[in-house]
Amino acid sequence: QAQLVEAGGGLVQPGDSLRLSCTASGLTFSSYSMGWFRQAPGKEREFVGAITWSGNTKYYADSVKGRFTISRDNAKNTVYLQMYSLKPEDTAVYYCGAVPFGGSGLDVGRKYQYWGQGTQVTVSL
C-alpha cells in the first residue's frame, strides 16, 4: 500500500522560510511525478508546484513562482518544497500527491493517484 507522509509544517512569521518534505513508501518513487497542493480554510485545494518523475521539469503556480522551489531526492524517496518569503496568504494545509509518470496536467489534482495527510503551514505575526 502506497503511503505519502508530509513533514516540516509549522508557525512562522511573514518573510520567513520553511521546507516541507514528503516521503513516499510502497511505490516506485522514481516513476512518479510529484505535486504539492494547498488548501486554506474555506477555499478549494489549489496547485502549488510539481516536479516530473524524471526531475527535468518543474511547474509552479503564479502565486508562488520565484518564492518556492520544488526538488526531489529519489535515493530518499522524498520530494521537497522549499518556501521563501512566506506571506500570510500562504497559510494552508499543504498536501503532496503522486501520479505515475505524468508529464502534463500536473496542476490538476484529480490526476494524482496518492495523497498524503497534509501538514499545516501558518504564516502570522
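Below is a summary of the structure that appears in this document. (Residues numbered from 1 in each chain as written. Predicted model: local features only at pLDDT ≥ 70, side-chain atom pairs only at ≥ 80, totals over all residues. Heavy atoms only, no water.)

## Describing the state of the cysteines
For the coordinates displayed, the defined rule picks out 1 disulfide. Across the disulfide, Cys22 is cross-linked to Cys96 (sulfur-sulfur distance 1.9 Å). Of note, the bridge from Cys22 to Cys96 carries an S-S torsion of about 55 degrees and is right-handed in sense. Of this pair, Cys22 sits in strand E3 (residues 18-25) while Cys96 is found in strand E9 (residues 92-100), placing the two residues 74 residues apart along the sequence. Here Cys96 falls in the buried class, since its relative accessible area comes to 0%. (Disulfide = S-S within 2.5 Å. Helix = DSSP H or I, 4+ residues; strand = E, 2+ residues; numbered from the N terminus. Buried < 20%, exposed > 50% of the residue type's maximum accessible area, 1.4 Å probe, protein only.)

## Considerations on the packing of aromatic side chains
Enumeration according to the criterion identifies 6 aromatic pairs in this entry. Relative to Tyr112, the ring of Phe37 has its centre 5.2 Å away and its plane inclined at 80 degrees; by these criteria the two rings are edge-to-face. Highlighted residues: Phe37 in strand E4 (residues 32-39) and Tyr112 in the loop between E9 and strand E10 (114-115), separated in sequence by 75 residues. According to the relative accessible area criterion, Phe37 is buried, its value standing at 2%. The class of Tyr112 is buried, set by a relative accessible area of 6%. A ring pair is formed by Phe37 and Trp115, whose centres lie 5.2 Å apart and whose planes are at 75 degrees; its orientation type is edge-to-face. One end of the pair, Phe37, is in strand E4; the other, Trp115, is in strand E10, with 78 residues separating them in the sequence. These aromatic residues form a ring-pair network of at least three members: Phe37, Phe47, Tyr112 and Trp115. Across from the ring centre of Trp115, 4.6 Å away, lies the NZ or CZ of Arg45, which sits over that ring. The positively charged end of Arg72 is found above the aromatic ring belonging to Phe29, 4.4 Å away from the centroid. (Phe/Tyr/Trp six-rings, centres within 6.5 Å; stacked < 30°, edge-to-face > 60°. Lys NZ or Arg CZ within 6 Å of the ring centre and 35° of its normal.)

## Points about the pairing of strand E7 (residues 68-73)
Judged by which residues are buried, E7 turns out to be one-sided: Phe68, Ile70 and Arg72 face inward and are buried, whereas Thr69, Ser71 and Asp73, on the alternate face, are not. Examined bridge by bridge, E7 and strand E8 (residues 78-83) share 6 bridges and lie antiparallel to one another. Looking across to E8, one finds that Ile70 is bridged to Leu81. Between E7 and E8, which pair antiparallel and follow one another directly, the connecting turn spans 4 residues, one of which, Asn77, has a positive phi of 55 degrees. (Pairing = 2+ DSSP bridges.)

This is a description of form; function is not addressed.
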